[in-house]
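# Inside the fold
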Amino acid sequence: MAKKKANSNPAKKKSTIAHDAIALCVITVVAGFLLGLVYKVTEQPIEDASLKAKQEAYQTVFPDAASFEETDNAASLVKEKGASYEGAEITEYLMAKDSSGNPIGYVVSFTAKEGYGGDILLSMGIDQDGAITGFEVISNSETAGLGQNCVKPSFKDQFKGINADSIEWTKDGKSADNQIDALSGATITTKAVTKGVNAALSFIKQDVMSQEGGSANE
């Protein structure tokens, strides 16, 4: 029996390939347009939600503030000085204002880079006299039951009210105004957090206040 001869019309094959290519191009363009449209629609709500969450976090570390605003040279200062600290990085700061719009201090976000489980993201408030108004651990990957105890009020609240150029940690029971008790069994976490706090204090007191017109009593 003779075999049926296969269709080998090259013109038809080229036509099919061209048709598929055009269809794929149209689908890609339409999909790109729809993705762009969705992004435009959701961009502002996402940005608003992020800003709201950030404002609420800052309210926790500076409860006396009514609002938080970025100053004119904030971005340039962070870019210039933020990564210059050993074991820590400053990522953002805002000016804290009262209900009348008067400056009353600053809030600062920073990263402790030497945690046992990696980066520890932190936030802190500092008033115009240089005292810490509050301290918060935003996220961490420390060991459960040990380093993760840095999120507990018994550790965080130690920082509130301290007015010093730097903070020290101790395992022997704090005996000075600038000391905090180390986390039990988590010396690395304690050291990393303290180094981050000292970087934030130095940044606000030495770099920000000198440029923004604030003041800190040494």
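Data block above holds the structure.
Thresholds applied
- Residues numbered from 1 in each chain as written.
- Predicted model: local features only at pLDDT ≥ 70, side-chain atom pairs only at ≥ 80, totals over all residues.
- Heavy atoms only, no water.
- Helix = DSSP H or I, 4+ residues; strand = E, 2+ residues; numbered from the N terminus.
- Buried < 20%, exposed > 50% of the residue type's maximum accessible area, 1.4 Å probe, protein only.
- Contact = heavy atoms within 4.5 Å.
- Areas by Shrake-Rupley, 256 points an atom, 1.4 Å probe, with all protein chains shown as cover.
- Salt bridge = Lys/Arg side-chain N within 4 Å of Asp/Glu carboxyl O.
- Pairing = 2+ DSSP bridges.
- Axes fitted to C-alpha atoms, helices over the stretch in contact; angles between N-to-C directions.
- Core = buried A, V, L, I, M, F, W, Y, C linked by side-chain atoms within 4.5 Å.
- Patch = residues over 30% accessible without salt bridge, like charges linked within 9 Å, V, L, I, M, F, W, Y side chains within 5 Å.

If you tally the helices and strands in the chain, you get four helices and seven strands. Each helix and strand of the chain, placed in order from N terminus to C terminus, yields the pattern α-β-α-β-β-β-β-α-β-β-α. Going through the 218 residues of the chain one by one, you find that 38% of them count as buried. Pairs at least 24 apart in sequence give 54% of the contacts found in the chain among residues at least 6 apart. Accessible surface, the chain: about 12,900 Å² in total, of which carbon and sulfur atoms supply 54%.

Further remarks concern the pattern of salt bridges. Pairs can form between side chains of opposite charge whenever their charged atoms are close. Applying the stated criterion to the full structure yields six salt bridges. We note a salt bridge from Glu69 to Lys97, for which the minimum N-O separation is 3.0 Å. Here Glu69 is found in strand S1 (residues 67-69), whereas its partner Lys97 is found in strand S2 (residues 88-97), with 28 residues between them in sequence. Lys195 is paired through a salt bridge with Glu114; the nearest N and O atoms lie 3.1 Å apart. With Lys195 in helix H4 (residues 187-212) and Glu114 in strand S3 (residues 103-115), the pair connects residues that are 81 residues apart, well separated along the chain.

The strand order across the open sheet formed by five strands is S1-S2-S3-S4-S5, and the pairing between neighbours is antiparallel. Single-partner strands in this sheet number two, and they are S1 and strand S5 (132-139). Strand-to-strand twist in this sheet, taken as the mean axis angle between neighbours without regard to direction, amounts to 30 degrees. Against the sheet, H4 contacts S2, S3, strand S4 (118-127) and S5, and its axis sits at roughly 145 degrees relative to S3.

Of all hydrophobic cores here, the largest spans 38 residues; its most connected members are Tyr93, Met124 and Val197. When contributions to this core are tallied by element, the ones reaching two or more residues are helix H2 (74-81), S2, S3, S4, S5 and H4. Sorting elements by how many residues they give to this core places H4 first, with ten residues. The residues touching Tyr93, leaving out its near neighbours within four places in the chain, are Thr71, Asn73, Ala74, Leu77, Val78, Tyr106, Val107, Val108, Phe203, Ile204, Val208 and Glu212. Counting residues in hydrophobic clusters, the runner-up holds eight residues, among them Val61, Ala65, Leu94 and Val107.

Attention now goes to the environment of Gly101. Topologically, Gly101 is positioned in the loop between S2 and S3. Given a relative accessible area of 35%, Gly101 falls into the partly exposed group. Sequence separation of Gly101 and Phe68 is 33 residues, and the distance between their C-alpha atoms is 9.6 Å.

Together, Ile22, Val26, Val30, Phe33 and Leu34 line one region of the surface with nonpolar side chains, adding up to about 490 Å² of accessible area. By the element assignment, Val30 lies in helix H1 (residues 10-61). With a relative accessible area of 42%, Val30 lands in the partly exposed category.

Just distances and angles here, no functional claims.
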